[in-house]
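Each chain, written out:
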Amino acid sequence: MYHLIKTDGMAKRGRLATVHGTIETPVFMNVGTAAAIKGAVSTDDLRQIKTQVELSNTYHLHVRPGDRIVRQMGGLHRFMNWDKPILTDSGGFQVFSLAGLRKIKEEGVHFHSHIDGRKIFMGPEESMQIQSNLASTIAMAFDECPSSVADRAYMEDSVSRTYRWLKRCKAELDRLNALPDTINREQLLFGINQGGIYEDIRREHAKQITSLDLAGYAIGGLAVGESHEEMYRILEAVVPLLPRERPVYLMGVGTPANILEAVERGVDFFDCVYPSRNGRHGHVYTNHGKLNLFNAKYETDSGPIEEGCRCPACRSYSRAYIRHLLKAKEMLGMRLCVLHNLYFYNTMMEEIRDAIEAGEYQSYKKKKLAGVQEQ
């Protein structure tokens with residue numbers, strides 16, 4: 001399933017075989033919350049910009065259009081015309097973000113839809129059932145994502161409950177995968193490590209979840225308010241306790257610099273809304289820092305976003321034209337910026353994989369960091 005090809009220090013170069021194709025790691029998953037990348041990006045575009053994995057959101061698809069409708073349409077792959085791997089998150093982060101609308105109990109979480117206010121209940125079994133209906137390649141366990149600054153007593157209770165929920169998730173997904181009418185009977189389950197910035201709680205939880213021998217392990221509850229230094233400290237405490245022969249996923253992270261640092265600490269999978277969100281606001285990533293194309297200095301700039309870039313935007317359009325589109329509020333401007341940013345991230349992951357294979361990750365990281373942090 002997961003094959004560790006090469007290591008360079010803690011950095012891992014791997015390959016995860018799935019029912020929907022092989023994932024070369026480290027990998028950045030392109031975030032399509034409601035089964036589409038925001039910015040008018042199609043799945044044909046995703047193939048063109050070297051996307052390996054698309055990530056969709058269990059909660060959002062459950063609310064709209066409804067996971068039963070997606071199942072009726074043949075699952076998420078057929079619904080959105082995407083034949084490569086899809087990871088669905090469990091809805092746990094929405095429990096965290098909807099703090100004013102939810103009530104957490106042992107059986108699960110009662111909360112209100114952010115769309116129409118209707119009451120919704122989601123527990124481990126319901127999350128697995130929804131993700132099974134979506135028929136994603138990788139399902140994430142249902143967890144609570146507590147605030148990184150929650151007090152120790154609350155964090156201990158929360159993490160204990162998340163572990164109990166994980167065991168229920170595993171049992172339910174095993175049951176669903178055994179049913180003859182399940183669309184994807186090879187659906188994989190990743191467990192999630194929680195514990196905020198408490199190293200001892202994180203370590204104990206890592207030992208618990210790895211005892212269940214899952215397809216992969218995620219580190220959640222970071223990039224939610226703690227400093228970058230605290231994030232890296234937690235990674236250094238937790239990643240060594242996770243199996244080297246399984247993929248490690250750092251959820252919701254992050255900037256190019258975050259990714260470079262986390263790869264060095266043994267992380268395989270990443271996702272973040274930054275490249276698409278920033279692109280929709282005219283902020284684009286380059287090897288010489290991030291540019292704001294709204295700036296007046298680009299008004300007559302005939303060059304591409306980045307010289308040498310082979311993304312659809314840089315192959316055909318100038319900074320001046322894209323700036324004009326953004327100023328005129330033409331959707332094409334946002335679309336081109338999003339395509340460029342995702343291509344930048346996907347290409348960076350290719351470079352990371354090559355550097356690890358060559359045993360040159362440290363020198364690559366140093367050079368790349370100097371570039372992406374220029375501005």
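What comes next concerns the included structure.

About the thresholds
Residues numbered from 1 in each chain as written. Predicted model: local features only at pLDDT ≥ 70, side-chain atom pairs only at ≥ 80, totals over all residues. Heavy atoms only, no water. Core = buried A, V, L, I, M, F, W, Y, C linked by side-chain atoms within 4.5 Å. Buried < 20%, exposed > 50% of the residue type's maximum accessible area, 1.4 Å probe, protein only. Contact = heavy atoms within 4.5 Å. Pairing = 2+ DSSP bridges. Helix = DSSP H or I, 4+ residues; strand = E, 2+ residues; numbered from the N terminus. Axes fitted to C-alpha atoms, helices over the stretch in contact; angles between N-to-C directions. Salt bridge = Lys/Arg side-chain N within 4 Å of Asp/Glu carboxyl O. Phe/Tyr/Trp six-rings, centres within 6.5 Å; stacked < 30°, edge-to-face > 60°. Parallel < 35°, antiparallel > 145°, perpendicular 65-115°, else oblique. Left-handed = near helix turned anticlockwise from the far one by under 90°. Expected span 1.5 Å × (residues − 1). Polar contact = N/O pair within 3.5 Å; in protein donor to acceptor, adjacent residues only side chain to side chain. Lys, Arg positive; Asp, Glu negative; His and termini not counted.

## Let's talk about the nonpolar core
Then, number 1: By size, the foremost hydrophobic cluster in this structure holds 87 residues, and its most contacted members are Ile219, Leu235, Leu250, Ile259, Phe270, Ile352 and Tyr361.
Then, number 2: Setting aside anything within four residues of it in sequence, one finds Ile259 in contact with Phe28, Val253, Gly254, Phe270, Tyr345, Met348, Met349, Ile352 and Tyr361.
Then, number 3: Counting 19 residues, the second-largest nonpolar core is a separate cluster that includes Leu87, Leu188, Ile192 and Ala218.

## Notes on the sheet that holds strand S10 (residues 138-140)
Then, number 1: Taken in spatial order, the eight strands close into a barrel running S4-S5-S6-S10-S11-S12-S13-S14, and their pairing is parallel. Direction aside, neighbouring strands of the sheet carry axes that sit 30° apart on average.
Then, number 2: Bridge count between strand S4 (residues 27-31) and strand S5 (residues 54-57): two bridges; the pairing is parallel. Its bridge partner lying in S5, Val31 is registered against Leu55.

## Concerning the pattern of salt bridges
Then, number 1: Counted under the stated rule, the structure contains 27 salt bridges.
Then, number 2: With a closest N to O distance of 3.0 Å, Glu261 and Lys365 form a salt bridge. Here the residue Glu261 occupies a position in helix H10 (residues 256-264), and Lys365 occupies one in helix H15 (residues 361-372), the gap between them amounting to 104 residues. Considered together, Glu261 and Lys365 belong to a single accessibility category, that of buried residues.

## Some remarks on the sheet that holds strand S2 (residues 11-18)
Then, number 1: Strands sit in the order S1-S2-S3 across an open sheet of three strands; the sheet is antiparallel. Of all strands in the sheet, those with a lone pairing partner are strand S1 (2-8) and strand S3 (21-25), marking the two edges. Along the sheet, successive strands turn relative to each other by an average axial angle of 10°, direction set aside.

## Focus: the side chain of Thr162
Then, number 1: Along the chain, Thr162 falls in helix H7 (residues 152-177).
Then, number 2: For Thr162, a relative accessible area of 2% translates into the label buried.
Then, number 3: Excluding residues that lie within four positions of it along the chain, Thr162 makes contacts with Asp143, Glu144, Ile192 and His205.

## Some details on the packing of aromatic side chains
Then, number 1: For the structure on display, the rule yields 10 aromatic pairs.
Then, number 2: Ring plane angle 75° and centroid distance 5.9 Å describe the contact between Phe190 and Phe269, whose orientation is recorded as edge-to-face. Of this pair, Phe190 sits in strand S11 (residues 188-193) while Phe269 is found in strand S14 (residues 269-271), placing the two residues 79 residues apart along the sequence. Phe269 carries the same exposure label as Phe190, and that label is buried.
Then, number 3: Considering the side-chain rings of Tyr361 and Tyr364, the 6.3 Å spacing of their centres and the 40° angle between planes classify their relative orientation as tilted. Of this pair, Tyr361 and Tyr364 both sit in helix H15, separated by three residues, roughly a single helical turn. The pair Tyr361 / Tyr364 is uniform in exposure class, with both members buried.

## Digging into the packing of helix H14 (residues 331-357) against H15
Then, number 1: With their axes 8 Å apart at the nearest point, H14 and H15 run at an angle of 155° to one another. Our classification of the angle between H14 and H15 gives roughly antiparallel. Both H14 and H15 take part in a crossing whose hand is right-handed. Residues Phe344, Met348, Glu351, Ile352, Ala355 and Ile356 of H14 pack against Tyr361, Tyr364, Lys368 and Val372 of H15.

## A word on H14
Then, number 1: An ideal rise of 1.5 Å per residue puts 39 Å on 27 residues; H14 measures up with 39 Å between its terminal C-alpha atoms.
Then, number 2: Among the 27 residues of H14, 19 are classified as buried, and the element is accordingly described as predominantly covered.
Then, number 3: Once H14 ends, the next one or two residues include Gly359, with phi positive near 70°.

## Examining H7
Then, number 1: For H7, which comprises 26 residues, the first-to-last C-alpha distance of 37 Å matches the rise-based estimate of 38 Å (1.5 Å per residue) to within 8%.
Then, number 2: Sitting at the amino-terminal end of H7 is Asp151, which places a side-chain oxygen 3.2 Å from the backbone nitrogen of Ala153.

## Re unusual backbone geometry
Of all residues except glycine, most have a negative phi; of all peptide bonds, most are trans.
Then, number 1: With an omega of 15°, the peptide bond running from Arg64 to Pro65 counts as cis.
Then, number 2: Positionally, Pro65 belongs in the loop between helix H2 (58-63) and helix H3 (67-72).
Then, number 3: Phi is positive for Ala40, close to 60°, though the residue is something other than glycine.
Then, number 4: Within the fold, Ala40 resides in the loop between S4 and helix H1 (43-48).

## As for the side chain of Arg353
Then, number 1: Relative to the helices and strands, Arg353 is located in helix H14.
Then, number 2: In this structure Arg353 is buried but unpaired, with Glu350 as the nearest side chain of opposite charge at 4.6 Å.
Then, number 3: Sequence-distant contacts of Arg353, defined by excluding residues within four places in its chain, comprise Arg13, Glu24, Thr25, Pro26, Val27 and Gln52.

## Structural notes on the pairing of S2
Then, number 1: Within S2, six of the eight residues are buried, leaving the element largely enclosed by the surrounding structure.
Then, number 2: Between S1 and S2, which pair antiparallel and follow one another directly, the connecting turn spans two residues, one of which, Gly9, has a positive phi of 70°.
Then, number 3: The hairpin formed by S2 and S3 contains two residues between the paired strands.

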